[in-house]
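Understanding the architecture of this molecule
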2 protein chains.
Amino acid sequence: MNHFFKVKTLEEVMSLTKEFSAVEPEIIPVSDAFSRVLAKDLFAKKDMPGFRRATMDGYAVAAKSTFGASESSPAWLDIAGTILMGEIPDTITLEPGQAVKISTGGMLPKGADSVVMVEYTQLIDETCVEIYKSVAPLQHVIDASEDFARQDMVLSKGTFIRPQEAGLAAGLGFTQIETFKIPKIGIISTGDEIIPIDQEPLPGKIRDINSYSLAGFIKEAFAIPIIYGIVKDDPDALREAVERAIKETDMVLISGGSSVGTKDYTVEVLSSLPDTQILVHGMSVSPGKPTILAKCGKKPVWGLPGQVVSAMVVLKIVIIPFLNKLKGLKKLDRTIKIRAKLTRNIASAQGRRDFVRVELVNKDGQLLAQPVLGKSGLIKTMIHADGLLEINDNVEGLEKDTVADIILL
Amino acid sequence: MNHFFKVKTLEEVMSLTKEFSAVEPEIIPVSDAFSRVLAKDLFAKKDMPGFRRATMDGYAVAAKSTFGASESSPAWLDIAGTILMGEIPDTITLEPGQAVKISTGGMLPKGADSVVMVEYTQLIDETCVEIYKSVAPLQHVIDASEDFARQDMVLSKGTFIRPQEAGLAAGLGFTQIETFKIPKIGIISTGDEIIPIDQEPLPGKIRDINSYSLAGFIKEAFAIPIIYGIVKDDPDALREAVERAIKETDMVLISGGSSVGTKDYTVEVLSSLPDTQILVHGMSVSPGKPTILAKCGKKPVWGLPGQVVSAMVVLKIVIIPFLNKLKGLKKLDRTIKIRAKLTRNIASAQGRRDFVRVELVNKDGQLLAQPVLGKSGLIKTMIHADGLLEINDNVEGLEKDTVADIILL
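No experiment lies behind these values; they were computed from the predicted model shown.

Comments concerning the sheet that holds strand E9 (residues 128-131) of chain A
All names here are of chain A. With respect to topology, six strands assemble into an open sheet ordered E7-E4-E6-E5-E9-E8, the strand pairing being mixed. In the strand order of this sheet, the two ends are held by strand E7 (114-117) and strand E8 (121-125), each with one partner. Here the average twist between neighbouring strands, direction ignored, is 40 degrees. Pairing of strand E5 (residues 75-82) with strand E6 (residues 98-102), which is carried by three bridges, proceeds in the parallel orientation. Counterpart to aspartate 78 in the pairing with E6 is glutamine 98.

Observations regarding the sheet that holds strand E6 (residues 98-102) of chain B
All names here are of chain B. In spatial order, the strands read E7-E4-E6-E5-E9-E8; together these six strands make up an open sheet with mixed pairing. The open sheet is flanked by strand E7 (114-117) and strand E8 (121-125), the only strands paired with a single partner. The mean angle between the axes of side-by-side strands here comes to 40 degrees, regardless of whether they run parallel or antiparallel. Where strand E4 (residues 58-61) and E7 come together, four bridges link them in antiparallel fashion. Across the sheet, residue tyrosine 59 finds its bridge partner in E7, namely valine 116.

A few points about helix H4 (residues 235-248) of chain B
Residue and element names in this part refer to chain B. If you check H4, its first and last C-alpha atoms are 20 Å apart, about what 14 residues at 1.5 Å a residue would give, namely 20 Å. Residues of H4 that are buried include every one of Pro235, Leu238, Ala241, Val242, Ala245 and Ile246, and no others. An end-on view of H4 places all buried positions within 130 degrees of arc, on one side of the element. Turned more than 90 degrees from where H4 packs its buried face, Asp236, Glu240 and Lys247 sit exposed.

Section: the interface of chain B and chain A
Listed by partner, the interface residues are 83 residues for chain B and 82 residues for chain A. With both chains or domains summed, chain B and chain A bury close to 6900 Å², and 63% of this area falls on carbon and sulfur atoms. The interface formed by chain B and chain A contains five salt bridges. For glutamate 200 of chain A, the salt bridge goes to lysine 46 of chain B, with nearest N and O atoms at 3.5 Å. Counting every contact that joins chain B to chain A gives 27 residue pairs in polar contact (both at pLDDT 80 or more). Of all the elements in the fold, those that place two or more residues in the side of chain B that touches chain A are strand E10 (141-142), strand E11 (153-155), helix H2 (163-171), strand E15 (206-207), helix H3 (210-220), strand E22 (337-342) and helix H7 (379-383) of chain B. Examining the composition of the side of chain B that touches chain A, we find that eight residues originate from one element, H2 of chain B, more than from any other. Along the lines of polarity and charge, the residues of the side of chain B that touches chain A split into 39 nonpolar, 18 polar and 26 charged.

Some points on the side chain of aspartate 208 of chain B
The residue aspartate 208 of chain B is located in the loop between E15 and H3 in this model. The side chain of aspartate 208 of chain B is buried and forms no salt bridge, while arginine 53 of chain A, the nearest opposite charge, is found at 9.9 Å. Separated by 2.6 Å, the side chains of aspartate 208 of chain B and serine 211 of chain B make a polar contact. Among all residues touching aspartate 208 of chain B, those that are not within four sequence positions of it are Ser189, Ile194, Ile195, Ile197 and Ile230 of chain B.

Considering the side chain of lysine 295 of chain A
Residue and element names in this part refer to chain A. You can see lysine 295 is positioned in strand E20 (residues 292-296). At 3.1 Å, the side chain of lysine 295 and the backbone oxygen of glutamate 19 are in polar contact. If we ignore the near neighbours within four places in the chain, the residues touching lysine 295 are Glu19, Phe20, Asp275, Thr276, Gln277 and Leu279.

Notes on the domain arrangement of chain A
All names here are of chain A. Assigned domains within chain A: domain 1 (10-24 + 182-327), domain 2 (25-48 + 148-180), domain 3 (53-142) and domain 4 (337-408). Placing a centre on the C-alpha atoms of domain 1 and another on those of domain 4 gives a separation of 26 Å. Of the roughly 1200 Å² buried between domain 1 and domain 4, counting both surfaces, carbon and sulfur atoms make up 67%. If you look at where domain 1 meets domain 4, you find one salt bridge. Among the ionic pairs, arginine 353 bridges to glutamate 11, the shortest N-O distance being 2.8 Å. Counting every contact that joins domain 1 to domain 4 gives four residue pairs in polar contact (both at pLDDT 80 or more). The set of elements that each furnish at least two residues to the side of domain 1 that touches domain 4 consists of helix H1 (10-15), strand E19 (285-286) and helix H6 (308-327). The element that contributes the greatest number of residues to the side of domain 1 that touches domain 4 is H6, accounting for six residues. A per-class count over the side of domain 1 that touches domain 4 returns ten nonpolar, three polar and two charged.

Overview of the relation of the copies chain B and chain A
Overlaying chain B with chain A gives an RMSD of 0.0 Å, the required rotation being 180 degrees about an axis along which the chain moves by 0.0 Å. A rotation of that kind, with that shift, is consistent with a two-fold axis. If distances are taken from each C-alpha of chain B to the rotation axis, the shortest is found for isoleucine 338 of chain B, at 2.9 Å. Most of the interface of chain B is mirrored in chain A, where 99% of its interface residues are also at the interface.

Things to note about the pairing of E4 of chain B
By the bridge criterion, four bridges tie E4 of chain B to E6 of chain B in an arrangement that is antiparallel. Across the sheet, residue tyrosine 59 of chain B finds its bridge partner in E6 of chain B, namely lysine 101 of chain B.

What counts, and at which threshold
Residues numbered from 1 in each chain as written. Chains lettered and ligands numbered in written order. Predicted model: local features only at pLDDT ≥ 70, side-chain atom pairs only at ≥ 80, totals over all residues. Heavy atoms only, no water. Pairing = 2+ DSSP bridges. Helix = DSSP H or I, 4+ residues; strand = E, 2+ residues; numbered from the N terminus. Axes fitted to C-alpha atoms, helices over the stretch in contact; angles between N-to-C directions. Expected span 1.5 Å × (residues − 1). Buried < 20%, exposed > 50% of the residue type's maximum accessible area, 1.4 Å probe, protein only. Arc of directions from axis to C-beta. Contact = heavy atoms within 4.5 Å. Buried area = accessible area lost by both parts, 1.4 Å probe. Salt bridge = Lys/Arg side-chain N within 4 Å of Asp/Glu carboxyl O. Polar contact = N/O pair within 3.5 Å; in protein donor to acceptor, adjacent residues only side chain to side chain. Nonpolar A, V, L, I, M, F, W, Y, C, P; charged D, E, K, R; others polar. Lys, Arg positive; Asp, Glu negative; His and termini not counted. Domains from an automatic or database assignment. Least-squares fit on C-alpha atoms with pLDDT ≥ 70 in both.

Printed below as a string of structure tokens:
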């Protein structure tokens with residue numbers, strides 16, 4: 001078997017997101033909506049707020065009753081009553097020259113089109129108020145359909161539900177909404193050198209870091225990690241674990257066994273599965289070159305480097321966009337990038353996408369990106385890192401003082 | 001009772017985080033560590049990785065056996081064996097002129113101090129390999145204590161546990177760690193105009209958006225919202241709900257009833273509670289002026305504006321740092337700020353901190369911040385917003401083309 005597939009660029013790997021589809025939708029209570037993804041466009045069933053509403057505490061008036069009012073020449077208005085919160089002011093119709101006391105959120109009576117803030121008024125007695133500032137029609141008021149009109153599309157399919165979208169859906173009366181299910185991601189660690197974390201490692205052995213760090217990144221992306229534990233370097237054991245994970249989850253991550261070294265069985269095992277295509281075997285990305293992507297049935301199965309830092313970078317940069325595809329998101333790249341100035345020259349190889357760990361330091365208001373010291377394989381480099389600097393395939397590095405985008409970690 | 005407290009600046013309010021302390025610690029499994037906060041410094045119990053380890057697939061060698069090797073003048077080394085993953089190579093001691101086949105993660109035998117990458121070698125026969133590139137001592141190798149040495153402090157109290165920190169703790173053999181508990185945050189909506197979301201609002205009534213949007217922001221900050229529902233504008237009912245929430249949670253948010261309008265009972269009710277101090281009644285922050293902070297026993301209790309947008313902005317900007325204090329975080333401001341160029345002039349009042357909702361638009365590689373259209377009270381302004389532009393107290397606005405920090409939403 002030819003292990004040396006043509007190494008793919010990051011763009012070529014990313015274009016393979018089109019090979020996969022979102023998981024099934026489900027109906028959930030809107031109280032669980034935060035961090036989910038809408039599976040259906042949401043339309044306003046009614047106008048919102050539905051009535052003319054005060055946005056300030058003060059006096060509801062007809063704006064024209066205040067025209068010309070100022071501190072030196074206030075308008076005097078007759079107080080026609082007080083509108084209580086939640087009250088329908090159907091007994092009041094405001095005449096010109098009248099005002100009604102109102103609180104933020106209160107419903108304006110007929111005849112009123114604006115609110116004078118309480119700060120610009122002075123109560124003279126129970127029947128009269130002085131107004132020091134004129135208002136324009138609809139000032140300090142939200143009109144009946146000003147937030148959303150009936151049948152407006154308010155949120156579209158594929159939208160990530162932030163707190164405000166959850167609030168809006170609730171406010172529109174959606175007690176339940178249709179979202180995509182939360183993808184379950186299977187995590188398998190392979191390697192004869194890997195031992196469970198509760199064991200004391202002998203020389204040559206190392207505890208299973210990947211199951212825990214990869215699970216963390218999956219949770220960070222609002223999906224559910226399912227840990228399948230450690231599988232020895234044995235093709236039959238690996239096949240059994242992978243088949244089970246494919247059956248039980250929506251995507252599988254196998255860390256270790258993806259390079260061409262001694263006893264790396266991942267590609268062999270994946271190739272032997274029914275209805276399976278190897279889409280990627282090697283990427284021109286560093287760290288992360290020995291990455292495998294297979295399509296098993298309809299599901300993505302990844303072989304990640306066993307090296308803990310490479311596995312984390314590949315997950316964050318390459319795999320999370322595929323997870324976002326499964327989640328049903330419209331926007332697959334949800335990394336946050338901030339610009340910072342490099343504190344020194346950084347070398348890179350042409351024809352390879354490099355991700356360099358950097359620490360962000362604020363110096364006199366200027367954000368500096370300082371490459372993290374230490375060899376690439378050290379987990380402490382990820383601990384000290386605030387972000388990843390991406391260096392493009394077609395450059396040989398970046399010079400000191402270059403201002404570049406940093407992907408936040 | 002004097003409702004007009006001296007209005008506080010944002011800095012004055014923020015300095016009050018010192019009045020509150022972190023919640024209790026607890027021991028949790030490391031598999032649940034992501035998004036928690038360390039309650040105790042973590043020290044390495046052993047060297048990590050604990051043995052000299054290959055970071056590349058190739059041949060373990062004594063570096064000096066490769067000195068001078070190049071494509072035109074390769075070094076020929078005798079193959080002394082193969083080291084399997086997880087194997088202790090105690091039967092091999094490498095002599096000068098010898099090489100041992102090794103995979104990433106393998107343990108180097110005695111006598112070897114570096115690894116030649118397989119890409120720079122050519123197998124001649126079973127006993128001999130050609131080396132095309134020299135290596136330096138410790139190249140492509142992680143030494144026994146190079147990641148962490150025994151007794152190093154690896155993570156400090158108050159650290160937010162990202163995926164990599166969770167992986168590190170697991171790799172160091174901490175199956176359980178001491179973190180702060182996850183704070184529970186009580187949420188109460190008040191107002192006679194507020195109805196449950198499953199009811200059809202009559203004119204003057206509005207569905208309870210705040211319980212859902214505020215709960216979302218609490219979840220986003222990795223805490224647990226407890227929703228107490230809607231309380232009418234009635235001091236006794238509010239007192240009862242607040243007392244219960246204070247007893248059952250670590251911080252309480254009361255939305256609505258915080259301004260000086262008709263039927264705003266929050267400050268009255270809070271003032272009547274035993275062992276309670278009103279710390280803030282009004283902030284020079286917009287939106288969000290009518291915000292109340294009380295210290296009830298040891299717990300923060302907030303009165304937020306009922307207006308949905310103001311409530312969200314106050315929660316995100318002002319209250320989350322207090323939540324971070326309760327969570328035990330060292331760094332209380334965890335907002336992410338990115339720089340963008342304003343697309344137009346934005347007015348602001350001196351003596352007031354303004355938070356303006358902006359949409360971020362990428363135009364030819366330049367990030368633009370475009371103020372969201374629509375009145376401040378419209379929830380759609382939060383839906384269209386990607387971030388908040390902060391305008392300082394001492395300026396009267398910002399000019400078009402100013403490059404400013406935007407707090408991501």
